[in-house]
Structures are given as structure tokens and as C-alpha cells.
Amino acid sequence: MKIFFEIQKQKYLEALDKKDRAKAVEILVKDLKVFSAFNEDLFKEITQLLTLENFRDNEQLSKYGDTKSARGIMLGELKKLIEANPLFREKLTFPSLKNSRLRTLINQSLNWQHQLCKNPKPNPDIKTLFVDHSCGQSQPNGARAPSPVTNPLMGAVPKPAGFPPLGAHGPFQAAPAPLPTSLAGWMANPAPVPHPSASAGPIGFTPPNNAALLKRPRTPTNNPAVDYQNADSEHVFKRTRAFGISDEVNHLPVNILPIGYGGQNHGQSSYSSDDLPKAVAMTLNQGSVVKSMDFHPVQQILLLVGTNTGEIMIWDLGSREKLAHKNFKVWDLGVCSMPLQASLTNDYTALINRVTWSPDGTLFGVAYSKHIVQLYSYHGGDDLRNHLEIEAHGGSVNDLAFSYPNKQLCIVTCGDDRLIKVWDAVTGAKQYTFEGHEAPVYSVCPHFKENIQFIFSTATDGKIKAWLYDNMGSRVDYDAPGHSSTTMAYSSDGTRLFSCGTNKEGDSYIVEWNESEGAVKRTYNGLGKRSIGVVQFDTTKNRFLAAGDECVVKLWDMDNVNLVTTIDAEGGLPASPCIRFNKEGILLAVSTNENGIKILANADGLRLLRTMENRSFDASRVASASVVKTSTMSTFGAAANASGGPSIMDRVTPMPSMVMMNGDNRNLVERPRIVDEAMDKSRMWKLTEISEPSQCRSSRLPDNASSATRVSRLIYTNSGLAILALASNAVHKLWKWPRNDRNTTGKATASVLPQLWQPTSGILMTNDISDTNPEDAVACFALSKNDSYVMSASGGKISLFNMMTFKTMTTFMPPPPAATFLAFHPQDNNIIAIGMDDSSIQIYNVRVDEVKTKLKGHHKQITGLAFSNVLNVLVSSGADSQLCVWSTDGWEKQTSKQLQIPGGRVAAPFADTRVQFHQDQTHLLVVHETQIAIFEAPKLECLKQWGPREASGAITHAAYSCDSQSIYVTFEDGSIDILTASTLRLRCRISSTAYLPTNPNSRVHPLVVAAHPSEPNQFALGLSDGGVCVIEPLESEGKWGSSPAVVENGNGNGAGPSAAAANTTDQAQR
């Protein structure tokens, strides 16, 4: 009674508060008057509230707040009343139940109801739980016609006399059986759980229909009820699948065939840690930093690679050849959104976050750091065709995966816009959008269990969510261990879920999840405490986990939390290498520091590679329509024709280009690849010399300046659309390339002349020169990442210019001391490192106009600065030929090293020493007038040195190409040497006569060289006469010479040409 009174009193007060006196009177008469028999005085007092303008004038109600707070107080009082009632004591605690318990009870009920049917049908259609199930056609919960997709299966299976009882094929069994555990109760509204069906019998009943099993999609139909064919029969198929054969083999085009491997047993019990791929079989020179890799699901010696420069490559590991190569390019810029077009205008580059093959290997997807996803169709060899381009997200597309919702092949993407989207892989139409994350979505993991299709997603704030394909919101909201950026993956049999991630503090976690409880089941030990980058991981053989961490590959047994072993791959791995197993677990690809990929193999993997070596895939040898039918784009995700044609294994064996591993070839000698062929190539190699203008493409940029002043500094804009030069008279010049039919990208090129650009105001960007002679001053500048402003100095104050208007935004730090080198902090454009002519380095905050700290360690002026955002260090170089390493965390000095001058050489008293980091942010290029050297930071260990010919004169400058695979070196005699960066071997020499007009009295030579930010074979020269030249190889050549063959196992010395090659050999490596 007290509870009822409190509720009605609250309703009465709310009506009075709304000035609804009619409603208040109604409540008073109908609901509250009954209480007058128990307490007449209280009822009279309540009635008197009608006479007050505001019932809060009553002393007892003076503290009455708003409706929401009053209701909260009331509910608190009601809770106390209920808990105080002895009838409810010890009965208010809800019993603890497993999340899946309700679902189990429902399934048991449905199975029992189906058994009681008088005429049980093999394909029950249960739409409601409010009415008992019966298989009559007229019943609301009757049987439905077989799905057209599963019709071939149903027709091939003998009709049973009746529906089988609960037993080995039931979804819930009393005895353990190798069926998937039920998806947890946190999948709040799943489709009904499958009942047993006739198609769940042994595959041996219908040998001709293995192909039909392969073709049948694994997902529910659009019908709200589940296609009951799939779950059990799919699992039976999984247990009996021929090893190495893809689920979707019949979708393969004519020239892609599966590699069967009869000699490999894939049972977990027979696979030990000794069988893990540990031996380095080969090293592939990728050319840029590897971001993502994926082995072809069927042709398992094909490796797909995506890099930080947007390049896509497909490698044939058998022949060690690059089969296909694509640079980043937007296929149709006109249909892109304005933000994307603006982004590409400023910087026409994008790194790759993910590459992945479709389940059948006919498509692969590429997720870029700028808005878009591209799908390519692959037809074997170098036949790579554009399929779909989708502007999927605002900002970076962080991950991509294939899935099969509604029996159609789809791609799932996620991005910085905090969304997950599902797209039709054939048409590109958007199917679903899932929103609910509060931070950029880092990864997606689509999966299916018992016919329930779902997607796990993880965000950079450590949140994990799960989604069904129904636009009903997320079903899960978990926290990843350590709130880390996490990727998730299932074991290859789909029964165990793992995740691996790294948080902002660098702590990494690799765990196994209990799906039923949504909790961490097992945490594996051994990951580093301060990881650099997000640790990547993979699974293999339903037994092992692998992660790239601390410059090695770490491996765990799934059932043991301690490390099983580590693989160093003979060294040279980055801090957090990218790793990927092939499907059978006999090959492991690992990224290296030198922008390469090491392929590790076990004994079976080595045999496979040797057998396939030099047997390039020739589609014409196997293009027989009677053997394998070509699949077209329109059939992706649809059921293929099961009739006609041989079985899967029949298709594999007779192919002339297919090599089946058997006992005969297991006698092959197990040793590294013979190097005779490489040595022969080395002997045949000759240095490429370019001395005529017809041997390369070069153009001198137009300039209307009357007085010749030397070019002191030169740089391409980050977008690659323009070149900025700073002359010795303190004036900047900017050349921009037009976008036209001859130059569709608008990027810098030697084939099209640019325009010397100036704003309409006609002003020049001119540095402050104070009282100094700019010709004698040391000039320096640094460009912001978005190309919007440049910071520059020519002996006077440092100036900050707007690149669009050329206006001076501010000047600061008047001399002395004068700035001699400038470098922006890679993580904060407001922080700059300023090298001074008094040998100090000032760390300056532009925003607050404050010097944070001064670094002292050199003895002469600073001539070079380079940040590493991987090592968190700043490396400085000075005219004293000394290198210093400074921590960017506390700005303390870590180490220093004096550059060793080669014997017989004498360095000038104030010789410039320049430094530049390799793309891996660990190897350091050091440029001195006497030498080129490669050091490894932060310990400054000298790895390689190279000295020029005396005839060339001193080195004036050098720079890495944009992919860090080449080094461009300029000399006083006007020549340019192009070195292979990994070996410092000279591969091409360009004489001054190839790009400068012939003039015996001219002493014009390059003072500075700049590399194009996205074209690895293009560079620009700043000349001593004030000119700027852009140089590229001939289109027919495509690159600068070729490197001498270097033996990959490290036993060869990679020798260059013989001494007879016209005295053009570089000096021996020191």
C-alpha cells in the first residue's frame, strides 16, 4: 500500500507542477481518496495543495526539485521498502546464468517439438516461439521449400525415412563432439539456431558433389529463419577438407590453380614447434616499407604486398620474381569528394594499411590511408585488372576484410570516421553502416558461427564491439587489454578467438578470448613492455600464435602462455616486423629493416620452393575450358554449377604446370639456392654511363632572374607538385607544374616545363639579412608537412612565410647566433630544432615563442639535423665532422661519434656533414665531402662507407630516393653518381654533359640534390649558377641502370664490374 501511495502521490505532484489541475483532481479523487480511510489528515493536506499557486510553498515540499530528481528520490525510497519486506528477503538476487543458457533451452525445446512432428520435414521454418512448431504447410511454424542455393545438395542426398533424432548431428549434444560451440548470449538477437538436416550426413554418401559443397555459401539467406543446411554440413566438410584446397576453389579463373600438397599432415598432434618455418629461404627487395602482406589462399607461393608509398606488388616465391606492380593512383578523381580531392592536391600519396585476398583468390582489396578502398581482380601472372574503387571513409581506411552475408561476397571496411561499412564486392553498393565507436576504428574481423554472421571491430581507444548484419547496433562493448589498438583473429578452424594489440604507452598484449563469457581466457607472456608501433600477429595450424616484436618473431603454443621459441631470421628485422603465414603454415613472410621481405620456411616449405623455382606460371599451358571453368565477376558469391567436370582433386593432378609434392622429390638436396646463376649475372653486369642528353630526360626550370646567384637549398613540396629553391641572395623561388593532358597528375616531371609561380601581389619571399652579406651566410629552410608554410633563414632572423601568399607571418630569433639548419619535429609542427653557427642546437616552440632547451655537444656550426619518429631521437651533424644523438623525450645526449676521414683525403676546416634517415627511421645516411656512409642509430654503428673517384672532385651533396633504395650523389665536376642504398654499389653515372650545355670554361656544378617524394627515379639539382634542373631516366628505361647481383644468403660479396670497365668502378667497400 505504501508503494502504491508513493507512486500516485508522485503523479499528483507532477500534474500540479504542470499546472494541469484537472488531471490532479482526477488523480486525487480516483487514486488518492482511498487512503483517506487510513489517514484523513494527510488526505486533507494533499487536497489543500490544489489551492496553492506553487505547491512548493508547502513547507514539507519546499525542497521538491524537478520531475527527474523527484522520481529518482521516489525510486530510492521504493527500493528500500521492497528490500525491507520480509517476503522478499534473500529472493531479490538474480541467479547467475551463463549467457548462452536461454539459447540452449530454446534450442532444446525446438528440437523436441520438431521430433514430435507427425511428418517431420528436412527444412523446418520456425518464425515464432509463441506457437508450438509443426511441419504442416498450413502451420505458422511449418516447413519451407528448400533454398535454391542448397537445392543441388538436397537433390544429391538420399531421402531419409524420417528426421534423425537428436544425436551426433544435433546442435546441442550431451556428449562432446567436434562441433562449434554456440555463439555467446551477447549476440542478443540471432536468427534461430539450425536444426539437424539430411545434408549433414557424411560426405562419402555423395562423392560427385564435393564441388557443390565447396560452392555453397556459408551464410544465412535473407529469410529471417536460418537456412538449416549450413552449420552442421559445413563443419563436416571442414573436418574432411583436402589439405590446401580453398573453400571457394570453383570460383578460380582458368589460370589460377590450387597447389595440392600431399606430403603434409596437418593434424595438430603431428605438428610440433620443430616444424615451424625458421630457415631463411630468400630475401625479396621490396623497395619501400612493408605495411601489409597476404599469401594467396590457393596458389600459396604468391605473396601480395602493400607498402607505405601506396605500392602493390605480387611476388612469385618460386621464381623470386615480381609478377605485378601498381603505384598508388586514384582511378577517377572527378567522382571523389572535395575533401579527398583537396588532400590529393596537397599530397598525392597514400600509404597502404591493409591488403587481403578474397577467399577464392580471384580478388584482392587494398585499404589506403586516404578515404579509398580499391579492389583488383587477379587472373594469374601479371594480369591485374581494376575492379572497384570506393571512397569508403572520411580520412584513413584502417582495415579491410571479405565476408559472405546474405550469400554474396562483400568487403567490410573501417576508418578514422569511427564507422564500419559493408560493401557489395561486385557492384560496390553499400549494404550496411555500423556506428557506435567513439574513436577511430582500427580493425575488423568478420566471422560466422552456427550460421550467425557477425563482425568484431576494435577502436584505438581499446573498445571492442560486435555487430550482426541487421543495423540494430552493437551487441558487445568490451575493453581490450590495456585499452590497446587491437587486431582480432580466429584459429584456422574458426573455433578459437585471439587478439593482439599495443596501447599508447607501448604495452602489448596477446590473449585468447572466451566468447561465451566475453572475457579474456588466457594471456600470453613474453611481449615487450615498450613496443614500437602496434605489434602484428598471426595464427597457424590451429596450434601456434606468432607476433613480430623486439626485432624477432615470437611464437606460442595456443595452450601454453609461455613462449615456445623466437626466430631472429638471421637479423635485420625492425622493432615490430610485419608477419604473415601461408595457409599451410610452411612459409612465413617477415618484413625487414632494409625495405625487404624475408621468406622463412620449414623442410616442406623449402621443398615446395625448390620444386617451383624458375617454373613461372604460364596460363596458356593450362587454359583448358574443359578442365576449369572461368568465373566471371557476376558470379561472385553465387552458387556455381555443381554438375559436370571432374572433382577437385581430379582437377589438380593432371595439370602440366602443377607440381604435386610426393615421395619422389623429397630426395631433393636441402640447401640454400645455388648462387652460380647470380654470380654469372654479376660478371655480365656493366656500369650504366650517361653522357649524352638523349640518354635521359632533363629540363632546366624557367627563371627570369637577371643576376646569377647560386642555389643554396632545394626541396620538393610534400605533394610532389612543386619545387622550392632558396638562392644565396635570400630569395625563394617556387615552380609549380600545370595539370594538363601531357601531365594528368600535375606532379613534377622533366617532360613538362613548370611555371615560376608568384602571387598576384607580386611580392617575393625574401629572408631577413640584417647586417650580414647573404652570399657569405649559411642559408637553411624547412617545409611544413602540409606545404602551407616554410621556415627559412639566410644569416638574419628566422622568417615564417605563407606559401600561398608569400607573406611573412612572423620573424624571430635575431642573430647572433645565426641559424644554419632547421628541422620540424615529426609529431609537432610547433616544435623546431634550430642548428646554430655557435655549435648549439635550440629546441624552439613557435606557438609560445620560447626556447625549450639548448643542446651542446658540437665544436663547430651545425650543418645537419634529422629526426627519427621510430627511435624518438634527433641526430645532429656539424662542420666538426661529428655526429650526435639526442633523445627527444628529455633532450639528453645519448651518444656521439667522429666521422673517420678516408686515408689520403683531407677535409676542409668547415666541411658540411649532412644527415638523412632511411625510410625505416633507423639507418642513417651521412654525407661528407670525402665520403658517403651508412650508420645505424641510435648507437651510430658504421655499417658501410663509400668514397668517390678523385677525378670527380669533392662530394657536394647527396640524398636518398623517396623509397630509400637509391642514393643520388653530386660532385664538383658536375657528375652525378647513383648508388644502390643497401650495398653502396655504384650502378649509374651521369656526366654533366647529359644535362648542362657544353661550355669548356663553365664550372657550373650541382650544389644540392633533392629527391621527388613519390617518384623514386626523379631528382632535382640546384646549380652553382642559380639554375634548377629536373632529371629522370628515359621512359623506355624506367630506372637508373641495374645493380650487380648480390647473393641473398650473404656469402657473396656482391662484387661490381671488373677493373677493365673503363676505370668506372667505385672504390671497394670499406
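The shown structure was predicted, so the numbers you read here are calculated from the model rather than taken from an experiment.

Colleague: Explanation requested: the sheet that holds strand E23 (residues 544-549) in the structure shown.
Modeller: Strands in a sheet are paired, the pairing made by backbone hydrogen bonds, and the direction either parallel or antiparallel. Across the sheet, which stays open at both edges, the four strands sit in the order E22-E23-E24-E25 with antiparallel pairing between neighbours. Looking at which strands have only one partner, the edges of the open sheet turn out to be strand E22 (536-540) and strand E25 (563-567). Averaged over all adjacent pairs, the angle separating strand axes in this sheet is 25°, with direction ignored. Across five bridges, E22 lies against E23 in antiparallel orientation. Bridging across to E23, Phe537 finds its partner in Ala547.

Colleague: Is there a simple way to explain the pairing of strand E39 (residues 819-825) in this structure?
Modeller: Every regular strand shows the same layout, with side chains that alternate between the two sheet faces. Among the seven residues in E39, seven count as buried, and that is most of the element. One ladder, built from six bridges, connects E39 with strand E40 (residues 828-836); its direction is antiparallel. Residue pairing for E40: Ala823 is matched across the bridge by Ala833. The turn joining E39 and E40, which pair antiparallel and follow one another in sequence, is formed by two residues.

Colleague: I keep staring at the sheet that holds strand E47 (residues 913-917) and nothing clicks. Help me out?
Modeller: Strand order in the open sheet made by the four strands is E47-E48-E49-E50, with antiparallel pairing throughout. One side of each edge strand has no neighbouring strand; the edge strands of this open sheet are E47 and strand E50 (941-946). Across the sheet, the axes of successive neighbouring strands diverge by a mean angle of 25°, strand direction being ignored. With five bridges connecting them, E47 and strand E48 (residues 923-928) associate as antiparallel partners. Bridged to Thr913 within E48 is His928.

Colleague: Mind showing me how you'd approach unusual backbone geometry here?
Modeller: Glycine aside, residues mostly have negative phi, and peptide bonds are mostly found in the trans state. Here Pro816 and Pro817 are connected by a cis peptide whose omega angle stands at -5°. Within the secondary structure, Pro817 is located in the loop between strand E38 (808-812) and E39. Pro938 follows Ala937 through a cis peptide bond whose omega is 5°. By the secondary structure assignment, Pro938 is in the loop between strand E49 (931-936) and E50. The phi torsion at His483 lies on the positive side, around 50°, for a residue other than glycine. Mapping His483 onto the fold places it in the loop between strand E17 (478-479) and strand E18 (485-490). A positive phi angle is found at Trp891, which is not glycine, with a value near 60°. Turning to its location among the elements, Trp891 is positioned in the loop between strand E45 (882-887) and strand E46 (893-898).

Colleague: For this particular structure, what's the right way to read a nonpolar patch on the surface?
Modeller: Where nonpolar side chains cluster on the molecular surface, the patch consists of Ile3, Ile7, Leu81, Ile82, Leu87, Phe88 and Leu92 and spans about 570 Å² of accessible area. Put simply, the parts of the chain that give the nonpolar patch at least two residues each are helix H1 (2-17) and helix H4 (67-84). Within the fold, Leu81 resides in helix H4. Judged by relative accessible area, Leu81 falls into the partly exposed class, the value being 31%.

Colleague: How do you make sense of H4 when you look at a structure like this?
Modeller: In an α-helix, one turn spans 3.6 residues, which is why side chains three or four residues apart end up on the same side. The terminal C-alpha atoms of H4 lie 26 Å apart, and with 18 residues this matches the ideal 26 Å at 1.5 Å per residue to within 8%. Taken together, the buried positions of H4 are occupied by Ala70, Met74 and Leu78. For H4, the angular spread of the buried residues around the axis is 75°, confining them to a single face. Among the exposed residues of H4, those oriented more than 90 degrees off its buried face are Lys68, Ile73, Leu75, Lys79 and Lys80.

Colleague: I keep staring at the packing of aromatic side chains and nothing clicks. Help me out?
Modeller: Given two aromatic rings, their pairing is described by the distance between the two centres and the angle made by the two planes. Throughout the structure, instances matching the rule amount to 23 aromatic pairs. Between Trp331 and Tyr376, the aromatic rings sit 5.3 Å apart at their centres with planes inclined by 80°, giving edge-to-face as the arrangement. Residue Trp331 is located in the loop between strand E5 (321-326) and helix H9 (338-346), and its partner Tyr376 is located in strand E8 (residues 372-378); the two are separated by 45 residues in the primary sequence. You can call Tyr376 buried: its relative accessible area is 1%. A ring pair is formed by Tyr432 and Phe434, whose centres lie 5.9 Å apart and whose planes are at 10°; its orientation type is stacked. Take Tyr432: its relative accessible area is 12%, and that puts it in the buried class. Note on Phe434: relative accessible area 1%, which makes it buried. An aromatic cluster of three or more residues is present, and its members are Trp331, Trp357, Phe364, Tyr376 and Tyr378. Stacked on the ring of Trp757, the Lys or Arg Lys736 has its end atom at 4.1 Å from the ring centre.

Conventions we followed
- Residues numbered from 1 in each chain as written.
- Predicted model: local features only at pLDDT ≥ 70, side-chain atom pairs only at ≥ 80, totals over all residues.
- Heavy atoms only, no water.
- Pairing = 2+ DSSP bridges.
- Helix = DSSP H or I, 4+ residues; strand = E, 2+ residues; numbered from the N terminus.
- Axes fitted to C-alpha atoms, helices over the stretch in contact; angles between N-to-C directions.
- Buried < 20%, exposed > 50% of the residue type's maximum accessible area, 1.4 Å probe, protein only.
- Patch = residues over 30% accessible without salt bridge, like charges linked within 9 Å, V, L, I, M, F, W, Y side chains within 5 Å.
- Areas by Shrake-Rupley, 256 points an atom, 1.4 Å probe, with all protein chains shown as cover.
- Salt bridge = Lys/Arg side-chain N within 4 Å of Asp/Glu carboxyl O.
- Expected span 1.5 Å × (residues − 1).
- Arc of directions from axis to C-beta.
- Phe/Tyr/Trp six-rings, centres within 6.5 Å; stacked < 30°, edge-to-face > 60°.
- Lys NZ or Arg CZ within 6 Å of the ring centre and 35° of its normal.

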